[in-house]
Amino acid sequence: METIDRALFVPEGSPYIDSPMPIGFNATISAPHMHATCLELLKDHLQPGMHALDVGSGSGYLTACFAMMVGPEGRAVGVEHIPEIVASAIENVQKSAAAPLMKDGSLSFRVADGRLGFPDAAPYDAIHVGAAAPEIPQPLLDQLKPGGRMVIPVGTYYQDLQVVDKNADGSISIRNDASVRYVPLTSRSAQCQDP
């Protein structure tokens, strides 16, 4: 997090205060303590050469952090369903320390429905979901590598940050890490409606 300057990813306001910030299209960049929590929970699955998926990649900040951790031999993919947000994330990363990783292709952003994951680069050692799902999407479980971990906020009004581990035999273990409050993981049309 010290390598990737959050100020490059926050369009306006105070980038370093410990609070979520709006990035447009009813989307936010999470508070720094949530980014730190997710990186801590995923750190063993973000080692050099590993593959990571960031669903609802928003500003691109956490995807850039993932890319720095998995390095040029790894792969970090950010998925976001609003093209303007993806374009902004690419611009943000181009100004950051992660720019060379995007240039060499180990860091990329895709316009897609994150609820479906991104099967082209699966399976993943680490999956992070940056918006709350009413339940864990099956495609994301399917794209998680045995031995991999997903961190996802689950719930509607009351949400828990769930840590989902896929065991070597393919079975799933889930534990709640914390109570959280995220924007909903939704369709593009629902997200773009006025609240």
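Residues numbered from 1 in each chain as written. Predicted model: local features only at pLDDT ≥ 70, side-chain atom pairs only at ≥ 80, totals over all residues. Heavy atoms only, no water.

As annotated in an unreviewed UniProt entry, the chain carries the name Protein-L-isoaspartate O-methyltransferase and is attributed to Urochloa decumbens. Regarding the chain, the relevant UniProt record gives this comment under Catalytic activity (unreviewed entry): "[protein]-L-isoaspartate + S-adenosyl-L-methionine = [protein]-L-isoaspartate alpha-methyl ester + S-adenosyl-L-homocysteine". Quoted verbatim from the Sequence similarities (unreviewed entry) heading of the UniProt record, the comment on the chain is "Belongs to the methyltransferase superfamily. L-isoaspartyl/D-aspartyl protein methyltransferase family." (UniProt positions renumbered as here; feature names shortened; annotations may be inferred.)

## Comments concerning the overall build of the chain
A tally of helices and strands in the chain yields six helices and nine strands. Computed over C-alpha atoms, the radius of gyration of the chain comes to 15 Å, within 12% of the 16 Å expected from 2.2 N^0.38 for 195 residues, which places it in the range of a compact globule. Looking at the 195 residues of the chain, the share that counts as buried comes to 50%. The contacts in the chain between residues at least 6 apart in sequence include a share of 56% that link residues at least 24 apart. Of the roughly 8900 Å² that the chain leaves accessible, carbon and sulfur atoms contribute 53%. The chain carries 13 positive and 22 negative side-chain charges, and their two centres are separated by 2 Å. (Helix = DSSP H or I, 4+ residues; strand = E, 2+ residues; numbered from the N terminus. Rg over C-alpha atoms; globule rule 2.2 N^0.38 Å. Buried < 20%, exposed > 50% of the residue type's maximum accessible area, 1.4 Å probe, protein only. Contact = heavy atoms within 4.5 Å. Areas by Shrake-Rupley, 256 points an atom, 1.4 Å probe, with all protein chains shown as cover. Lys, Arg positive; Asp, Glu negative; His and termini not counted. Charge placed at Lys NZ, Arg CZ, Asp CG, Glu CD.)

## Quick word on the side chain of Q162
Secondary-structure assignment places Q162 in strand β8 (residues 159-166). On the basis of relative accessible area, Q162 is assigned to the buried category, the value being 13%. Beyond its immediate stretch of four places on either side in the chain, Q162 contacts I136, M150, V151, I152, V154, I174, R175 and N176.

## Focus: the state of the cysteines
This structure, assessed with the given rule, holds zero disulfides. Distance from the sulfur of C38, which forms no disulfide, to the nearest cysteine sulfur (C65) is 11 Å. (Disulfide = S-S within 2.5 Å.)

## Considerations on the packing of helix α1 (residues 32-42) against helix α2 (residues 61-70)
One can describe the packing of α1 onto α2 by two numbers: an axis separation of 11 Å at closest approach and a directional angle of 30 degrees. Here α1 runs over α2; the crossing is right-handed. Contact residues: α1 offers H35, L39 and L42, while α2 offers Y61, L62, C65, F66 and M69. (Axes fitted to C-alpha atoms, helices over the stretch in contact; angles between N-to-C directions. Left-handed = near helix turned anticlockwise from the far one by under 90°.)

## Brief notes about the sheet that holds β8
Within the open sheet, the seven strands sit side by side as β5-β4-β3-β6-β7-β8-β9. Their pairing is mixed. The sheet terminates laterally at β5 (107-111) and β9 (172-180), the two strands that pair on one side only. On average, each strand axis in the sheet is inclined to that of its neighbour by 15 degrees, with strand direction left out of account. Both strand β4 (residues 75-80) and β5 contribute to a ladder of five bridges, which runs parallel. The residue bridging V77 from the neighbouring strand is S108, located in β5. Across the face of the sheet, helix α3 (residues 83-94) comes into contact with β4 and β5 while running at roughly 165 degrees to β5. (Pairing = 2+ DSSP bridges.)

## Remarks on α2
Burial within α2 is extensive, with eight of its 10 residues counted as buried. Buried within α2 are the following residues: Y61, L62, T63, A64, C65, F66, A67 and V70. Looking one or two residues beyond α2, the residue adopting positive phi is G71, at roughly 75 degrees.

## Remarks on the nonpolar core
Grouped together as the largest cluster of nonpolar side chains are 39 residues, with contacts concentrated most on L46, F66, V93, L107 and L161. Mapped by element, the contributors of at least two residues to this core are β1 (21-24), β2 (27-29), α1, α2, α3, α4 (99-103), β5 and β8. Sorting elements by how many residues they give to this core places α2 first, with seven residues. Core analysis: the second largest hydrophobic core is formed by 20 residues, F118, I136, L144 and I152 among them. (Core = buried A, V, L, I, M, F, W, Y, C linked by side-chain atoms within 4.5 Å.)

## Let's talk about the pairing of β1
Strand direction decides the pairing type here: β1 and β2, joined by three bridges, are antiparallel. Along β2, the bridge assignment pairs P22 with T28. The hairpin formed by β1 and β2 contains two residues between the paired strands, and F25 there has a positive phi angle of roughly 55 degrees.

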